[in-house]
2 protein chains.
Amino acid sequence: MSCELCTADGGTVLWRDDFCRVVRVSGEAFPGFCRVILARHVREMTDLAPAERDRLMRAVFACEEALRGLLAPDKVNLASLGNQVAHLHWHVIPRFEDDSRFPDPIWAPARRAGTRRASPGDAALARRLAELLA
Amino acid sequence: MSCELCTADGGTVLWRDDFCRVVRVSGEAFPGFCRVILARHVREMTDLAPAERDRLMRAVFACEEALRGLLAPDKVNLASLGNQVAHLHWHVIPRFEDDSRFPDPIWAPARRAGTRRASPGDAALARRLAELLA
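Read on for a plain summary of the structure. (Residues numbered from 1 in each chain as written. Chains lettered and ligands numbered in written order. Predicted model: local features only at pLDDT ≥ 70, side-chain atom pairs only at ≥ 80, totals over all residues. Heavy atoms only, no water.)

### Considering the overall build of chain A
Phase 1: A count of helices and strands for chain A gives three helices and five strands.
Phase 2: Traced from its N-terminal end to its C-terminal end, chain A shows the element sequence α-β-β-β-α-β-β-α.
Phase 3: Counting all 134 residues of chain A, 52% fall into the buried class.
Phase 4: Restricting to contacts in chain A with at least 6 residues of sequence separation, those with at least 24 account for 50%.
Phase 5: As displayed, chain A has an accessible area near 5900 Å², and 48% of this comes from carbon and sulfur atoms.
Phase 6: Of the charged side chains in chain A, 19 are positive and 18 negative, and the gap between their average positions amounts to 2 Å. (Helix = DSSP H or I, 4+ residues; strand = E, 2+ residues; numbered from the N terminus. Buried < 20%, exposed > 50% of the residue type's maximum accessible area, 1.4 Å probe, protein only. Contact = heavy atoms within 4.5 Å. Areas by Shrake-Rupley, 256 points an atom, 1.4 Å probe, with all protein chains shown as cover. Lys, Arg positive; Asp, Glu negative; His and termini not counted. Charge placed at Lys NZ, Arg CZ, Asp CG, Glu CD.)

### Side note on the sheet that holds strand β5 (residues 89–95) of chain B
Strand pairing within a sheet occurs via backbone hydrogen bonds; the two strands may be parallel or antiparallel.
Phase 1: Spatially, the 10 strands line up as an open sheet ordered β1(A)-β2(A)-β3(A)-β5(A)-β4(A)-β4(B)-β5(B)-β3(B)-β2(B)-β1(B), and their pairing is antiparallel. Bordering the open sheet on either side are β1 (12–16) of chain A together with β1 (12–16) of chain B, each of which pairs with just one other strand. Strand after strand, the sheet turns through a mean of 20° between neighbouring axes, direction not considered.
Phase 2: The pairing of strand β4 (residues 75–80) of chain B with β5(B) spans five bridges and is antiparallel. If you follow N77(B) over to β5(B), its bridge partner there is I93(B).
Phase 3: Contacting β1, β2 (20–24) and β3 (34–38) of chain A, helix α3 (residues 122–132) of chain A runs over the sheet at an angle of about 15° to β1(A).
Phase 4: Strands β1, β2 (20–24) and β3 (34–38) of chain B of the sheet are contacted by helix α3 (residues 122–132) of chain B, whose axis makes an angle of about 15° with β1(B). (Pairing = 2+ DSSP bridges. Axes fitted to C-alpha atoms, helices over the stretch in contact; angles between N-to-C directions.)

### Section: the side chain of R21(B)
All names here are of chain B.
Phase 1: Along the polypeptide, R21 turns up in strand β2.
Phase 2: At 2.9 Å, the side chain of R21 and the backbone oxygen of L5 are in polar contact.
Phase 3: Within the structure, the side chain of R21 is placed 2.9 Å from the backbone oxygen of D9, a separation counted as a polar contact.
Phase 4: Setting aside its immediate chain neighbours within four residues, R21 contacts L5, A8, D9, V13, W15, R16, R35, V36, I37, L38 and A39. (Polar contact = N/O pair within 3.5 Å; in protein donor to acceptor, adjacent residues only side chain to side chain.)

### Topic: the interface of chain B and chain A
Phase 1: With 33 residues of chain B at the contact, the number on the chain A side is 33 residues.
Phase 2: For the pairing of chain B and chain A, the buried interface totals around 3100 Å² over both sides, and the portion due to carbon and sulfur atoms is 51%.
Phase 3: Considering only the side of chain B, the residues that lose the most area to chain A are F61(B), K75(B) and N83(B), jointly responsible for 21% of the buried surface there.
Phase 4: Run the count over chain B and chain A and you get four salt bridges. (Buried area = accessible area lost by both parts, 1.4 Å probe. Salt bridge = Lys/Arg side-chain N within 4 Å of Asp/Glu carboxyl O.)

### Considerations on the packing of helix α2 (residues 50–71) of chain B against α3(B)
All names here are of chain B.
Phase 1: With their axes 9 Å apart at the nearest point, α2 and α3 run at an angle of 130° to one another. The angle between α2 and α3 falls in the class oblique. Along this stretch, α2 crosses α3, giving a crossing that reads as right-handed. Contact with α2, carried on its side by A62, C63, E65, A66, L67 and L70, involves A124, L125, R128, L129 and L132 of α3 and no other residues of that element.
Phase 2: When its residues are assigned to classes, the contact of α2 with α3 shows nine nonpolar, no polar and two charged. (Parallel < 35°, antiparallel > 145°, perpendicular 65-115°, else oblique. Left-handed = near helix turned anticlockwise from the far one by under 90°. Nonpolar A, V, L, I, M, F, W, Y, C, P; charged D, E, K, R; others polar.)

### Focus: the pairing of β1(B)
Here is the key point about a regular strand: its side chains alternate between the two faces of the sheet.
Residue and element names in this part refer to chain B.
Phase 1: The pairing of β1 with β2 spans four bridges and is classified as antiparallel. Note that in β2 the partner of T12 across the bridge is R24.
Phase 2: Here β1 folds back onto β2, and the loop between the two strands holds three residues.

### Points about the pairing of β4(B)
Phase 1: Across the six residues that make up β4(B), a large majority, six, are buried.
Phase 2: Burial along β4(B) is two-sided: the residues K75(B), N77(B) and A79(B) and V76(B), L78(B) and S80(B) are all buried.
Phase 3: Summarising the sheet, strand β4 (residues 75–80) of chain A and β4(B) pair through three bridges and their orientation is antiparallel. Counted as the bridge partner of S80(A) is L78(B) from β4(B).

### Quick word on the pattern of salt bridges
Phase 1: Overall, the coordinates contain 24 salt bridges over all chains when judged by the stated rule.
Phase 2: For R111(A), the salt bridge is made with D104(A), and the minimal N-O distance between the two is 2.7 Å.
Phase 3: Judged by relative accessible area, R111(A) falls into the partly exposed class, the value being 49%.
Phase 4: Here E52(B) makes a salt bridge to R40(B), at a shortest N to O gap of 3.0 Å. Of this pair, E52(B) sits in helix α2 while R40(B) is found in the loop between β3 and α2, placing the two residues 12 residues apart along the sequence.
Phase 5: The exposure class of E52(B) is partly exposed, given its relative accessible area of 21%.

It is worth stressing that arrangement in space is one thing and function is another; only the former is reported here.
Here it is as structure tokens:
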């Protein structure tokens with residue numbers, strides 16, 4: 001079995017340790033969209049030991065906090081789906097009332113073109129994550 | 001401001017304490033679909049203290065574990081979105097390869113009618129949650 005999150009980073013790495021990594025998802029539709037990806041190949045959160053679940057969520061929440069500080073989104077969406085790639089990863093998605101799908105999830109059909117807005121730079125986001133996850 | 005998760009349970013309550021509740025989402029499309037809803041009105045996970053975040057996630061993971069035991073889904077989807085109702089709640093959704101949208105998120109357009117399957121009873125789910133969250 002070949003898993004694309006085992007064989008590649010899955011985006012620009014902003015922060016990593018031996019347990020997980022935070023990557024930036026490219027694309028202008030959802031500025032600041034990041035993913036937190038477990039290093040090893042595990043399918044579900046409840047396949048992790050409780051302390052590992054907490055550790056992964058700490059990275060997810062650090063990501064949310066960093067993005068709120070830099071982007072001030074109207075809402076943050078968090079999701080662990082994995083139907084296509086069953087290797088634990090969390091989507092952390094800043095949402096804006098004028099984005100293409102708000103208030104629907106980003107996986108719903110577009111409602112409008114969506115306002116384009118500036119993205120925080122990778123360096124600023126990486127710095128903030130390093131502070132929060134120190 | 002009126003919030004529908006402040007003024008009503010939002011589904012059949014399977015488990016609750018003074019901090020959060022687990023409710024069953026009605027509908028046959030996604031059998032076993034539950035939500036974990038924070039008791040008080042808070043917008044984002046990072047608006048909670050770290051210990052409260054962990055406490056809420058423990059309920060989410062208990063829900064995942066109960067549903068895996070009773071339904072053996074092909075995948076479990078977890079999501080905290082809140083774009084429509086910005087009162088912290090987690091969707092815990094058992095997914096099957098023959099459901100109407102797999103491998104897309106449940107918010108994407110349907111791919112097929114989807115195979116109907118039996119749902120675990122509320123009593124069985126409530127009993128398992130009580131054990132896991134004791």
